[in-house]
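Each chain, letter by letter, is given below.
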Amino acid sequence: MLKNNKPLRIALTKGRLEKDTVRLLESLGYDCTAVHEKGRRLILPIPDGNLEVVLAKAADVITYVEHGVCDMGVVGKDTLMEMNGKLFELVNLGFGKCKFALATRKDYPFYDGFGIKTIATKYPNVTKAFFENKNMDVDIIKIEGSVELAPLLGLADGIVDIVETGTTLKENGLAVVEDVSQISARLIVNTVSLKMRQQEIENFVQKVEAKINESEN
Ligand code: PRP
């Protein structure tokens, strides 16, 4: 069989997950010097690893992997749930742990009364599915960031957002009403890449899984 010498391309989510992902790659023996010294460069070689790292925003990691311009990606379950892309989610990487939660102003009786509640969120699809599952009609308003502002300014009764340490909620007089789901980073793979470069991807996935099992035990 013809050997494909193109490096496997992996898209990493910039920001919160970046450090843990690079640490994982280094623990597998990949030389991530180019990532540490990236400056403003966005495509970074991993010498000798036959791997190439691309840095992107979470939603774009999914888009690049779905379209096959990146073979694999590391992205949060939050963005995967919101985007519902056509790809394989192969490994729960165990880092980037946080949760989706419904939160309101502290002591606000969210479930009282019959009026339709308004929810502000960066994740309208996740919010819609959560309330549909409860057979509860809500109005959803999409917000791009600092969602906690919406109930404080009187725009919404509650928010569905990511809670990691709980500090943002606490410092703004908000509290969790109910957990929606747990979140962590996932390794995703393009469906065609998995067929065309099965051996290389399986080797990589096995190394990742072995490392995760080792650090969990
Ligand atoms: C996320 C999330 C919360 C905050 C939760 O926002 O939307 O606002 O982190 O973290 P905590 O529980 O540890 O306080 P992010 O910092 O990503 O920025 P954003 O608010 O602009 O979306």
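Residues numbered from 1 in each chain as written. Predicted model: local features only at pLDDT ≥ 70, side-chain atom pairs only at ≥ 80, totals over all residues. Heavy atoms only, no water.

## Describing the overall build of the protein chain
Here is step 1 of the chain: Helix and strand content of the protein chain: nine helices and eleven strands.
Here is step 2 of the chain: Based on the C-alpha atoms only, the size of the protein chain along its principal axes is roughly 65 × 35 × 30 Å.
Here is step 3 of the chain: Residue burial in the protein chain is summarised as follows: out of 217 residues, 42% are buried.
Here is step 4 of the chain: The contacts of the protein chain with a sequence gap of at least 6 include a subset with a gap of at least 24, amounting to 67%. (Helix = DSSP H or I, 4+ residues; strand = E, 2+ residues; numbered from the N terminus. Buried < 20%, exposed > 50% of the residue type's maximum accessible area, 1.4 Å probe, protein only. Contact = heavy atoms within 4.5 Å.)

## Quick look at the domain arrangement of the protein chain
Here is step 1 of the chain: Along its sequence, the protein chain is carved into domain 1 (8-96 + 184-216) and domain 2 (98-183).
Here is step 2 of the chain: Taking only C-alpha atoms, the centre of domain 1 and the centre of domain 2 are 30 Å apart.
Here is step 3 of the chain: Across the boundary between the two partners, domain 1 contributes seven residues, which contact eleven residues of domain 2.
Here is step 4 of the chain: In total, domain 1 and domain 2 occlude about 780 Å² of area from one another, counting both sides; carbon and sulfur atoms represent 51% of this.
Here is step 5 of the chain: Area buried by domain 1 at its contact with domain 2 is led by D78, M81 and E82, which between them contribute 68% of it.
Here is step 6 of the chain: Here domain 1 is connected to domain 2 by one salt bridge.
Here is step 7 of the chain: Here R16 and E164 are joined by a salt bridge, their closest N and O atoms 2.3 Å apart. (Domains from an automatic or database assignment. Buried area = accessible area lost by both parts, 1.4 Å probe. Salt bridge = Lys/Arg side-chain N within 4 Å of Asp/Glu carboxyl O.)

## Quick notes on unusual backbone geometry
Here is step 1 of the chain: The backbone of N84 sits at a positive phi, close to 50 degrees, despite the residue not being glycine.
Here is step 2 of the chain: Relative to the helices and strands, N84 is located in the loop between α4 (77-83) and β5 (88-92).
Here is step 3 of the chain: In this structure N84 comes out as exposed when scored by relative accessible area, which is 67%.
Here is step 4 of the chain: Phi is positive for S146, which is not a glycine, with a value near 45 degrees.
Here is step 5 of the chain: Secondary-structure assignment places S146 in the loop between β8 (138-142) and α6 (149-153).

## A word on the site of the ligand
Here is step 1 of the chain: Taken together, 13 residues lie around the ligand, and R16, K122, E148, T165 and T168 are the ones closest in.
Here is step 2 of the chain: Measuring from an oxygen atom of the ligand, one finds a backbone N or O atom of S146 at 2.9 Å.
Here is step 3 of the chain: Isolated, the ligand exposes 490 Å² of accessible area, and the fraction of that covered by the protein chains is 73%.
Here is step 4 of the chain: The set of elements that each furnish at least two residues to the shell around the ligand consists of β9 (158-163) and α7 (167-171).
Here is step 5 of the chain: Ranked by the residues each element gives to the shell around the ligand, the list is headed by β9, at three residues.
Here is step 6 of the chain: Looking at the shell around the ligand, its residues break down into two nonpolar, six polar and five charged. (Near = heavy atom within 4 Å. Polar contact = N/O pair within 3.5 Å; in protein donor to acceptor, adjacent residues only side chain to side chain. Areas by Shrake-Rupley, 256 points an atom, 1.4 Å probe, with all protein chains shown as cover. Nonpolar A, V, L, I, M, F, W, Y, C, P; charged D, E, K, R; others polar.)

## Structural notes on the nonpolar core
Here is step 1 of the chain: Judged by nonpolar contacts, the single largest core of 31 residues is most densely connected at I10, L51, V53, M72, L93, L187 and F204.
Here is step 2 of the chain: Those elements that place two or more of their residues in this core are β1 (8-13), α1 (18-27), α2 (33-36), β2 (43-46), β3 (51-56), β4 (72-76), β11 (185-189) and α9 (198-216).
Here is step 3 of the chain: A per-element tally of this core places α9 first, with five residues.
Here is step 4 of the chain: Aside from chain neighbours lying at most four places away, what touches F204 is I10, L25, L28, Y30, L51, M72 and L187.
Here is step 5 of the chain: A58, V65, L80 and I188 belong to the second-largest nonpolar core, a separate cluster that totals twelve residues. (Core = buried A, V, L, I, M, F, W, Y, C linked by side-chain atoms within 4.5 Å.)

## Focus on the state of the cysteines
Here is step 1 of the chain: According to the stated counting rule, one finds zero disulfides in the structure shown.
Here is step 2 of the chain: In this structure C70 is a free cysteine whose sulfur lies 16 Å from that of C32, the closest cysteine sulfur available. (Disulfide = S-S within 2.5 Å.)

## Some points on the pairing of strand β7 (residues 117-121)
Here is step 1 of the chain: Counting buried positions along β7 yields five of five residues, so the element is predominantly enclosed.
Here is step 2 of the chain: With five bridges joining them, β7 and β8 adopt parallel strand pairing. When the sheet's bridge partners are listed, T118 is paired in β8 with D139.
Here is step 3 of the chain: Taken together, β7, helix α5 (residues 124-132) and β8 constitute a β-α-β crossover, and its handedness is right-handed.
Here is step 4 of the chain: As judged from the three bridges shared by β7 and β9, these two strands associate in the parallel manner. Of the residues in β9, the one forming a bridge with A120 is I159. (Pairing = 2+ DSSP bridges. Right-handed = clockwise from strand over helix to strand, strands pointing away.)

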